[in-house]
Amino acid sequence: MSQLRAAAAGLQRSGGRPVAPAGQSRKAASPRGGAPAPAPAPPPARHLFSDPAETEALRGSLLAWYDRCKRDLPWRTLAATEPDADRRAYAVWVSEIMLQQTQVATVIDYYNRWMQKWPTLQALAQASLEEVNELWAGLGYYSRGKRLQEAARKVVSDLAGRMPRTAEDLQKLLPGVGRYTAGAIASISYGQATGVVDGNVIRVLCRLRCIGADSSSPAVIDRLWDMANALVDRSRPGDFNQALMELGATVCMPKAPLCGECPVKQHCQAQRRVEKELAFASQKLFGKPAPVPDVEDCGVGGCPLCPPATEPWDSSLGVTNFPRKAAKKQPRVARTATCVLERRGCHGAPEYLIVQRPSSGLLAGLWEFPSLPLAQGLPEEKQREVLADHLQAWMGQPVAARGLRFIGEVVHIFSHIHQTYVVYSLPLDGDMTLDPALSPSRWVTEGEFHASAVSTAMKKVLKACEKQRGEESSPGKGSKRKRGVKPNGASSTRPGTQLSLRAFLQAPTSS
Ligand code: SF4
C-alpha cells in the first residue's frame, strides 16, 4: 500500500491540478489564438465505466459490502458523530495525514493520543513543534506533523479558524494538502461528490478496468482521477471513497487478492481476463482451435492504458498483472557515525546525551545521539578519528579516538535512504560542560529518551548498546564473543569498564 500511496502523495506534493467536475474529463487546452487542439481519442470501452447501469450496480454492491464489513476506526466514528463541520474536517485531516505511508494498525494509537491532546485546530495551533515531534516520534516521515501544525496555525490566523469547505479550496489554501487529502476531507466531512485516488484506489481501479500501463505515470494517474470522479456515489461520496480504499486494503490486496470474497468481482475486467486465459489454456490442452479474439480486447495498436508490448500477460500472476509501475528508484546509500555518550545519573541509572537536529531537512528538530555523516569507503580507523574530532569540536575538549568503543552497525531504511549507523559508545564517570552556543543538548534517562522526539533509528541504536552491555555483564549468555577478545576496533580498555572523563578527554595521539 505504502509505495502506491507514496506515488499518489508525491503527485499531491508536486501540486496536483484542481479536481475536474465529477463525471467529466478535463479538456485539452487550446493554443493561444490557434485552432483548438484535437481532443485525444477516448480509451477503449474495457478501460472505462461507460455503462450507467453497471456504474450504479457497482456503487450499490460496494456500499452494501462496506456497510457490512467496514473496520471500526476512530476517525470514522468521529466523522460520523461530530456535528461541528470544522472539528469533523480536522479529525479527518489528521487521520489522512497520518495514514500517508503508514499502516492503519500503527496509526490508531497515534491518532487517539493526538486527538486527546489536540481535539481542535485551535489546540493544535497553540502546541509547540517539540510537542508535535514528541507525539509523532516513531510514526516516520516527520515533516508531516510539522506541516499539519503549520497549516492548522494558518487556518486559525488567516481563516478565522474555519476550514475551507470544498476540495478545491482545501487544496488551494492549506499548505501540505494535496489533491488526495483535499478530496478525502471534502467527501468524508462535507459530502462533496468528488473522488479520491490513493495507492489502494489505483490498484482497485487498474484491476477493475485492466489498466496495465505504468500506474505512476501522470497520464495514467490523470485517467484514474477522471474515473474516480465519475464513479463516486453522489449521495454517499465519503462512504464510497472509503469503501473503495477499504476494498483495496482488505480484499483487493497487492499480492494475494481475495477475489472469491470480492463484492465487485462481477465488474472486474482483470478477473474476466483470468477466466478467459484459463479457458484458452484448457482449449489448447484438448487440441481445440484457438478462439477468435474478443473485439473488446486491446493491447495492440498502442493503447495508452494497456501494458506495453514488451511486458505481456504473465499467467502465473493472474489479476496481479495489474497494476504495473516503473521500477522503483534505488535508495541512496548513506553511512553515519554516531556516539552514545553515557554517564551514571543520581541513582546510578544510566543517562544519555542527546542533541537536537537542525530545524529543516531530514528528521528536522528531532533529537539524536551526536552523529556525523561519513564519506563512503572510509576505513574503520578513519571513521573513529573523524568522529572523535567531531565530538571534540562539539564538546570543546580533546577526545581520544582510541577511547571510542565500537558497538556495531545499525541499518535503518528511510523512504529514499538506506542508512547505516556505525555505532560507538563513550562511557563517562564525570560531567561535562556543553557549549550552549552549539546545538541544543540534554542528558536523559532511558525513560526520558523514549518519551523524547527521537526517531526509530535512534531507538535501535540505543537497543544495540544495551544489548552489548547485557552481553558483557553476562558473557556466557548469548554473547558469541570470547572473553578477552576485543570488539572490532576497540581500545585496550576492558569491555564494560567505566573510565574517568579525564582518561577520555585527553589530547589526541598521533597514532
Ligand atoms: Fe480485486 Fe479480485 Fe475484486 Fe477484481 S475481483 S477487484 S482483482 S479482489
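Residues numbered from 1 in each chain as written. Predicted model: local features only at pLDDT ≥ 70, side-chain atom pairs only at ≥ 80, totals over all residues. Heavy atoms only, no water.

S.K.: Residues and numbers for the pairing of strand β2 (residues 350–356), please.
M.R.: For β2, the tally of buried residues reaches 6 of 7 residues, placing the bulk of the element in the interior. Relative to β2, strand β1 (residues 332–344) runs antiparallel, the two being bridged by 3 bridges. Note that in β2 the partner of Glu342 across the bridge is Tyr352. The hairpin turn running from β1 into β2, its antiparallel successor, is 5 residues long, and Gly348 in that turn takes a positive phi close to 85 degrees. The pairing of β2 with strand β7 (residues 441–445) spans 5 bridges and is classified as antiparallel. Pairing of Ile354 across the sheet is with Arg442, part of β7. Sheet analysis places β2 next to strand β3 (residues 367–368), joined by 2 bridges and oriented antiparallel. Of the residues in β3, the one forming a bridge with Val355 is Glu368. (Buried < 20%, exposed > 50% of the residue type's maximum accessible area, 1.4 Å probe, protein only. Helix = DSSP H or I, 4+ residues; strand = E, 2+ residues; numbered from the N terminus. Pairing = 2+ DSSP bridges.)

S.K.: How would you explain helix α3 (residues 74–81) if you had to name every residue and give the values?
M.R.: Of the positions making up α3, those classed as buried are Pro74, Trp75, Arg76 and Ala79. Lining the buried residues of α3 we find α2 (52–69), α4 (85–99), α5 (104–117), α10 (179–190) and α13 (237–250). (Contact = heavy atoms within 4.5 Å.)

S.K.: Can you break down the pattern of salt bridges residue by residue, with the values?
M.R.: What the rule picks out here adds up to 21 salt bridges. In this structure, Glu368 engages Arg357 in a salt bridge whose closest nitrogen and oxygen atoms are separated by 3.1 Å. One end of the pair, Glu368, is in strand β3; the other, Arg357, is in the loop between β2 and β3, and 11 residues separate them in sequence. Judged by its relative accessible area of 10%, Glu368 is buried. In this structure Arg357 comes out as partly exposed when scored by relative accessible area, which is 23%. (Salt bridge = Lys/Arg side-chain N within 4 Å of Asp/Glu carboxyl O.)

S.K.: Talk me through α13; I want residue IDs and the actual numbers.
M.R.: The end-to-end C-alpha separation of α13 is 20 Å, in line with the 20 Å expected for 14 residues at 1.5 Å each. Of all 14 residues in α13, 11 are buried, a share of seventy percent or more. Along α13, the residues classified as buried are Pro237, Gly238, Phe240, Asn241, Gln242, Ala243, Leu244, Met245, Glu246, Leu247 and Gly248. Of the surrounding secondary structure, the elements contacted by the buried residues of α13 are α2, α3, α10, α11 (199–208) and α12 (218–231). (Expected span 1.5 Å × (residues − 1).)

S.K.: Residue-level account of the site of the ligand, with values.
M.R.: In the vicinity of the ligand, the contacting residues are Arg207, Leu208, Cys252, Cys259, Cys262, Lys265, Cys268 and Val319. Of the residues assigned to the shell around the ligand, the class counts are 6 nonpolar, no polar and 2 charged. (Near = heavy atom within 4 Å. Nonpolar A, V, L, I, M, F, W, Y, C, P; charged D, E, K, R; others polar.)

S.K.: Describe the packing of helix α7 (residues 129–136) against helix α8 (residues 143–158), and please don't skip the residues or the numbers.
M.R.: The geometry of α7 relative to α8 is characterised by a closest axis approach of 9 Å and an angle of 140 degrees between their N-to-C directions. The angle between α7 and α8 falls in the class oblique. Between α7 and α8 lies a crossing of right-handed hand. Only Arg144, Gly145, Lys146 and Gln149 of α8 make contact with α7, whose side of the interface consists of Leu129, Val132 and Trp136. A breakdown of the residues in the contact of α7 with α8 according to their chemical character gives 3 nonpolar, 2 polar and 2 charged. (Axes fitted to C-alpha atoms, helices over the stretch in contact; angles between N-to-C directions. Parallel < 35°, antiparallel > 145°, perpendicular 65-115°, else oblique. Left-handed = near helix turned anticlockwise from the far one by under 90°.)

S.K.: Give a detailed account of the nonpolar core, specifying residues and quantitative values.
M.R.: Core analysis: the largest hydrophobic core is formed by 108 residues, its most contacted members being Trp93, Trp114 and Leu205. The element best represented in this core is α4, accounting for 9 residues. In contact with Trp114, not counting residues within four places along its chain, are Tyr90, Val94, Met98, Leu124, Val132, Leu135, Trp136 and Leu148. Judged by nonpolar contacts, the second largest core, of 18 residues, contains Ala337, Leu353, Leu374 and Leu391. (Core = buried A, V, L, I, M, F, W, Y, C linked by side-chain atoms within 4.5 Å.)

S.K.: With reference to specific residues and values, describe the side chain of Thr181.
M.R.: Inspection of the secondary structure assignment puts Thr181 in helix α10. A polar side-chain atom of Thr181 sits 3.1 Å from a polar atom in the side chain of Gln100. (Polar contact = N/O pair within 3.5 Å; in protein donor to acceptor, adjacent residues only side chain to side chain.)

S.K.: Report on the environment of Pro331, specifying residues and quantitative values.
M.R.: Relative to the helices and strands, Pro331 resides in the loop between α14 (269–285) and β1. C-alpha of Pro331 to C-alpha of Ile413: the two residues are 82 residues apart in sequence and 8.6 Å apart in space. When near neighbours in sequence (up to four residues on either side) are disregarded, Pro331 contacts His416, Ile417 and His418.

S.K.: Report on the pairing of strand β5 (residues 405–413), specifying residues and quantitative values.
M.R.: Within a regular strand, the side chains alternate between the two sheet faces. Inspection of the sheet shows β5 paired to strand β6 (residues 417–427) by 8 bridges, in the antiparallel sense. Looking at the pairing, Glu409 lines up with Val422 of β6. A loop of 3 residues connects β5 with β6, the two strands running antiparallel in sequence.

S.K.: Explain the environment of Gln419 residue by residue, including any values.
M.R.: With respect to the secondary-structure elements, Gln419 resides in strand β6. Overall, the relative accessible area of 6% leaves Gln419 in the buried class. It is 8.2 Å that separates the C-alpha atoms of Gln419 and Arg332, two residues lying 87 residues apart in sequence. Contact partners of Gln419, with chain neighbours within four places excluded, come to Ala334, Arg335, Thr336, Val410, Val411, His412 and Phe414. Side chain to side chain, Gln419 and Thr336 meet in a polar contact 2.9 Å long.

S.K.: Tell me about the packing of aromatic side chains, residues and numbers included.
M.R.: Aromatic ring pairs: the centre-centre distance and the angle between the two ring planes describe each pair. Applying the stated criterion to the full structure yields 7 aromatic pairs. Seen in terms of ring centroids, Trp114 and Trp136 are 5.6 Å apart; in terms of plane orientation they differ by 80 degrees. Their pairing is edge-to-face. Placement of the pair is Trp114 in helix α5 and Trp136 in helix α7, with a sequence separation of 22 residues. Among the residues examined, Trp136 registers a relative accessible area of 0% and is labelled buried. (Phe/Tyr/Trp six-rings, centres within 6.5 Å; stacked < 30°, edge-to-face > 60°.)

S.K.: Report on the packing of α11 against α13, specifying residues and quantitative values.
M.R.: Packing of α11 against α13 leaves a shortest axis separation of 8 Å and a crossing angle of 85 degrees. Classed by the angle they form, the pair α11 and α13 counts as roughly perpendicular. Contacts from Asn200, Val201, Arg203, Val204 and Leu205 of α11 reach α13 at Leu244, Met245, Leu247, Gly248 and Ala249. Class assignment for the residues of the contact of α11 with α13 results in 7 nonpolar, 2 polar and 1 charged.

S.K.: Mind laying out the environment of Pro308, listing which residues take part and the relevant values?
M.R.: Within the secondary structure, Pro308 is located in the loop between α14 and β1. Residue classification places Pro308 among the partly exposed positions, given a relative accessible area of 35%. Taking the C-alpha atoms as reference points, Pro308 and Ala213, separated by 95 residues in sequence, lie 6.5 Å from one another.

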